[in-house]
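Structural features, examined
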Amino acid sequence: GAEVVFSVDCTKLKEHFLPGKREFDRIYFNFPHCGRKAGVVKNRQLLAGFFHSCAEVLAQEGEVHVALCNGQGGTPADQPRREWHNSWQIVAVAAGAGFILSHVHPFKAETIEGYKCTGYRSQDKSFCVEGALNHIFTRSTAPMCFTPMTCQTQLGSQKVSFQVPQVLVDKINRGFLEVNSSHPVRTVKEKLSAGLSQAFPLQNISSCLPLLQQGCPGGVCHSNIFWITLSPGEAPGTGKMSQGLADAALCSHFGQDTDENVQEGCPAPEQFYLRPSLLPHARAIMKKGAFSPGTLQVLSGPVFRKCRITPHSMPAFHEMLVVLAVSRGTENSCVQMLVDNIKTTMNSLHQGTSGVKPSISLQEAASFGTELSDFAAFERQLGEIQHFLCVGTEPDPPGSCVGVIRAAPDELKNHELVVVSASLNLDLLAMLLCGISDWRMLWTWDRRFLRQFPEGKLRLFQSFSLYPPSYVHDVSFWLPDGQDFDEVAFHTLARRVSGEMVLSIQLRDNFQQPGTGRRSLCYRVTFQSCDRALGCREAAEMQLHLREEMQQHLGVTLR
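Residues numbered from 1 in each chain as written. Predicted model: local features only at pLDDT ≥ 70, side-chain atom pairs only at ≥ 80, totals over all residues. Heavy atoms only, no water.

- An unreviewed UniProt entry lists the protein chain under the name phenylalanine--tRNA ligase, with Quiscalus mexicanus as the source organism.
- Per UniProt, the protein chain has the following entry under Catalytic activity (unreviewed entry): "tRNA(Phe) + L-phenylalanine + ATP = L-phenylalanyl-tRNA(Phe) + AMP + diphosphate + H(+)".
- Per UniProt, the protein chain has the following entry under Subcellular location (unreviewed entry): "Mitochondrion matrix". (UniProt positions renumbered as here; feature names shortened; annotations may be inferred.)

Dropping the structure here:
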């Protein structure tokens, strides 16, 4: 009862079907081949034309199934796996047409009634299908168009606006912690709050916490801060600066791009910056005396920090800050109660995810060396830390530090009390519980991510983009005479240019020219997306754009 069409060119599918019949739910191509002794390059070209053709006739939620002989695809699913250059590189080829590999399973010819494999070297001969794989591709989300965003916010009695740093345009006002959100970050926060409420009276700080902070953050490296300048003509008077900034209420996009504001040294008193921590807000509440001893105060919200590019370093994440005022001498037992409660809650959440059971431990800050993760290092800048809250037993391996514990006797006018606070990185906790290896996945716009997390449920995450291709490019440059290189600024620039498509940046060479003393650095930049298609041409364009921006914004001379 099916319609059969012959002489179909797989690279021009839309030419063989009427416009009303071009929305296919499935497109199957079993063992594509150019014929005879065609090499891997010709077969890649065949697949490239096929995938571009599929994009024109596939339904939005459709699938493309491609069966390949063992080893041809070039993915880790092939056993044994061919060398990359000797494979068909099917995932990278499909990415060029906007497809991602979502599933791979064995091709079982015996389960298909009447199936016969034929066509070996364009002859009526069979070929070996043992170990063959069926690759299932789906459409990727479209590339993000990061138009400049201006946020309008209430400052005292007047509204002011500021331009959001381009690297954060897709992270402002995402609403992950709102009541109607099913995001795993909110689920972790709610479960932790419920667990803590079993041991302490608990109060959520419901008022909007200021998104912006003012002046010069003491003790914090300024290269880690996102500095903000209010739009011209909107800076409030000095008397209004001390009033709280309500969180951004309105956002608008404009079509013209402007450079991100970069500040050197300590800014003027009227300068603002995106909050890097909720700790200053808690301290302000304590100093006002609006603090009930024995009651656990909970503050939560997104915070923003410039940092290096690693799988666990985030320019934006959700912080949960719990603060408790206790009688002097009881702070150690209260810290232990907090940690035990967090452990119990995490173990309970683990039972629902079936992931790696998190082994949470409390480690003395003195036992940590100087090589800290970006999260731990920044927290140390904010003030003295008594303990690090870690997952595992090794001192601060990547992603192991998920929180810090502080005890501050000098925060209150009442010297009989000590303030105990715990700062938790909710994003890292969600990643550990749900088996998410890359923090960028938490911020994806692909709806397949949230579909895996019904409201109030945590599950082991199943990636919808398997074996994403990576593209390696090197960049070498001379430094300006007598100047140090700001590596954090370099990483932030790479984030902005690529739209968070850079997986890693590694220093490959540090050369000093004899005689002149000029210094040259060489970095290896690896481009890879965790959630959408990234083709080799797009990655090459990003690399060229990065080189141009480095010359303009970092003052280096490319080699």
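1. Thoughts on the packing of aromatic side chains
- In the structure shown here, the tally under the stated rule is 21 aromatic pairs.
- Aromatic side chains F50 and F51 sit 5.4 Å apart centroid to centroid with 55° between the ring planes, which places their arrangement in the tilted category.
- Residue classification places F51 among the buried positions, given a relative accessible area of 0%.
- Between F107 and Y115, the ring centres sit 5.6 Å apart and the planes meet at 65°, which makes this aromatic pair edge-to-face.
- Overall, F107 belongs to the buried group, its relative accessible area being 11%.
- Aromatic rings pair up to connect F29, F50, F51, F99 and F137 into one cluster.
- One cation-aromatic arrangement involves R174 over W445; the distance from NZ or CZ to the ring centre is 3.7 Å. (Phe/Tyr/Trp six-rings, centres within 6.5 Å; stacked < 30°, edge-to-face > 60°. Buried < 20%, exposed > 50% of the residue type's maximum accessible area, 1.4 Å probe, protein only. Lys NZ or Arg CZ within 6 Å of the ring centre and 35° of its normal.)

2. Looking at the sheet that holds strand 4 (residues 133-139)
- Within the open sheet, the four strands sit side by side as 1-2-4-3. Their pairing is mixed. Two strands lie at the open edges of the sheet, namely strand 1 (24-30) and strand 3 (99-106), each paired on one side alone. In this sheet, neighbouring strand axes are inclined to one another by 20° on average, regardless of whether the strands run parallel or antiparallel.
- As paired strands, strand 1 and strand 2 (residues 58-68) are joined by six bridges and run parallel to one another. In the strand pairing of strand 2, F29 is matched with V66. (Pairing = 2+ DSSP bridges. Helix = DSSP H or I, 4+ residues; strand = E, 2+ residues; numbered from the N terminus. Axes fitted to C-alpha atoms, helices over the stretch in contact; angles between N-to-C directions.)

3. Side note on the environment of C216
- In this fold, C216 is placed in the loop between strand 8 (212-214) and strand 9 (227-228).
- Residue class for C216 comes out partly exposed when judged on its relative accessible area of 38%.
- Along the chain, C216 and F272 lie 56 residues apart, while their C-alpha atoms are 8.5 Å from each other.

4. Thoughts on the pattern of salt bridges
- Under the definition given, this model contains 13 salt bridges.
- With a closest N to O distance of 2.6 Å, R305 and E379 form a salt bridge. Here E379 lies in helix 7 (residues 374-382) and R305 lies in the loop between strand 12 (296-304) and strand 13 (316-327), a separation of 74 residues in the sequence. Accessibility assignment for this pair places R305 and E379 in one class, buried.
- Salt-bridge contacts for R448 lead to D446; the nearest nitrogen and oxygen are separated by 2.9 Å. Just as R448 is buried, D446 falls in that class too.
- Through salt bridges with shared partners, a single network forms among D170, K171, R495 and E500. (Salt bridge = Lys/Arg side-chain N within 4 Å of Asp/Glu carboxyl O.)

5. With respect to the packing of helix 10 (residues 487-498) against helix 11 (residues 536-553)
- Direction vectors running N to C along helix 10 and helix 11 enclose 135°, while the axes themselves pass 10 Å from each other. Considered as vectors, helix 10 and helix 11 are oriented oblique to each other. Crossing handedness for the pair helix 10 and helix 11: right-handed. Between helix 10 and helix 11, the residues in contact are F490, L493, A494, R496, V497 and S498 and M542, H545, L546, E549, M550 and H553, respectively.
- For the contact of helix 10 with helix 11, the residue count by class is seven nonpolar, three polar and two charged. (Parallel < 35°, antiparallel > 145°, perpendicular 65-115°, else oblique. Left-handed = near helix turned anticlockwise from the far one by under 90°. Contact = heavy atoms within 4.5 Å. Nonpolar A, V, L, I, M, F, W, Y, C, P; charged D, E, K, R; others polar.)

6. Looking at the side chain of Q72
- Positionally, Q72 belongs in the loop between strand 2 and helix 2 (90-95).
- For Q72, a relative accessible area of 11% corresponds to the buried category.
- Every residue in contact with Q72, bar those within four places of it in the chain, is listed here: D78, R82, S87, W88 and Q89.

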